[in-house]
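The lines below spell out each chain.
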Amino acid sequence: MTQTEFIQIVMPFKDKLYRLAKRLLVSSEEAEDATQEVLMKLWAKKKGMGRYRNVEAFAMTMTKNFCLDRLKSKQSGNLKLVHSNYADETKSLQRQVEVNDSLQWVEKIMDTLPEQQKLVLQLRDIEEYSFEEIAEMLDMQPATVRVTLSRARKMVREKLVEKHNYGIR
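These numbers were taken from a predicted model, which means no experiment stands behind them.

J.: Run through the packing of helix α1 (residues 3–10) against helix α3 (residues 28–44), naming residues and quoting values.
T.: Each pair of packed helices gets described by two things: the angle between the helix axes and the distance between those axes. Where α1 meets α3, the axes come as close as 11 Å, and the angle between the chain directions of the two elements is 130°. Judged by the angle between their axes, α1 and α3 are oblique. The element α1 and its partner α3 pack so that their crossing is right-handed. When α1 is examined against α3, the residues Gln 3, Phe 6 and Val 10 are found in contact with a partner set consisting of Leu 39, Leu 42 and Trp 43. For the contact of α1 with α3, the per-class residue count stands at 5 nonpolar, 1 polar and no charged.

As structure tokens, this is what we get:
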């Protein structure tokens, strides 16, 4: 595989790799390092890349595993899991404040979810992968992915409604 072929295959989804790494590692610098590391590993495996049915799914799995390894390592004492790649472009300042507040609450709620639910929610709702792709990446059955996503969404919804209704009843 030539460098040009590699770039044509890998570059279309490199931003997704970064967003997943950012979601898991929080720090932009850590996410950039993780993305670069995964891209270097892909380059090292370029000769065998034709064996993979879905190179993007393989790369996402590599990114997820690399980030989780980083979080488990001793060097990651100051890293935590959060989500911060939302943007709201409404004009109203009040609306912006409300949306930012809600997003902060969603981030805090997502921090309380089990690891698998966080990943499934990120991959499905943020990265917009299909259930089959997520199942392949996380080595799960598609039905299990659906159940996990449903439980994660329900938990986020319930806790967010609870926060919004605090003090009203």
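More follows now that the structure is in view.
J.: Could you give an account of the packing of aromatic side chains, with specific residues and numbers?
T.: Going through the model one piece at a time under the given rule, you end up with 2 aromatic pairs. With a centroid separation of 5.0 Å and an interplanar angle of 80°, the aromatic rings of Phe 6 and Trp 43 are classed as edge-to-face. With Phe 6 in helix α1 and Trp 43 in helix α3, this pair connects stretches of sequence that are 37 residues apart. According to the relative accessible area criterion, Trp 43 is partly exposed, its value standing at 34%. Here Tyr 52 and Phe 58 contribute two aromatic rings whose centre-to-centre distance is 4.0 Å and whose plane-to-plane angle is 15°, an arrangement assigned as stacked. Geometry around Trp 105 places Lys 108 over its ring, the cationic atom sitting 4.8 Å from the centre.

J.: Tell me about the pattern of salt bridges, and name the residues and values.
T.: Scanning the model with the defined rule gives 7 salt bridges in all. A salt bridge links Glu 56 to Lys 16, with the shortest nitrogen-to-oxygen separation between them at 3.2 Å. Separated by 40 residues along the polypeptide, Glu 56 in helix α4 (residues 55–72) and Lys 16 in helix α2 (residues 14–25) bring together distant segments of the chain.

J.: Outline the packing of α2 against α3, listing residues and values.
T.: Their axes nearest at 8 Å, the elements α2 and α3 cross at an angle of 135°. Judged by the angle between their axes, α2 and α3 are oblique. Remark: the crossing between α2 and α3 carries right-handed chirality. Here α2 contributes Lys 14, Leu 17, Tyr 18, Ala 21, Lys 22 and Leu 25 to the contact with α3, which in turn contributes Ser 28, Glu 30, Ala 31, Glu 32, Ala 34, Thr 35, Val 38 and Leu 39. Classifying every residue of the contact of α2 with α3 gives 8 nonpolar, 2 polar and 4 charged.

Rules used in this analysis
Residues numbered from 1 in each chain as written. Predicted model: local features only at pLDDT ≥ 70, side-chain atom pairs only at ≥ 80, totals over all residues. Heavy atoms only, no water. Axes fitted to C-alpha atoms, helices over the stretch in contact; angles between N-to-C directions. Helix = DSSP H or I, 4+ residues; strand = E, 2+ residues; numbered from the N terminus. Parallel < 35°, antiparallel > 145°, perpendicular 65-115°, else oblique. Left-handed = near helix turned anticlockwise from the far one by under 90°. Contact = heavy atoms within 4.5 Å. Nonpolar A, V, L, I, M, F, W, Y, C, P; charged D, E, K, R; others polar. Phe/Tyr/Trp six-rings, centres within 6.5 Å; stacked < 30°, edge-to-face > 60°. Buried < 20%, exposed > 50% of the residue type's maximum accessible area, 1.4 Å probe, protein only. Lys NZ or Arg CZ within 6 Å of the ring centre and 35° of its normal. Salt bridge = Lys/Arg side-chain N within 4 Å of Asp/Glu carboxyl O.

Shape is all these values report; function is a separate question.
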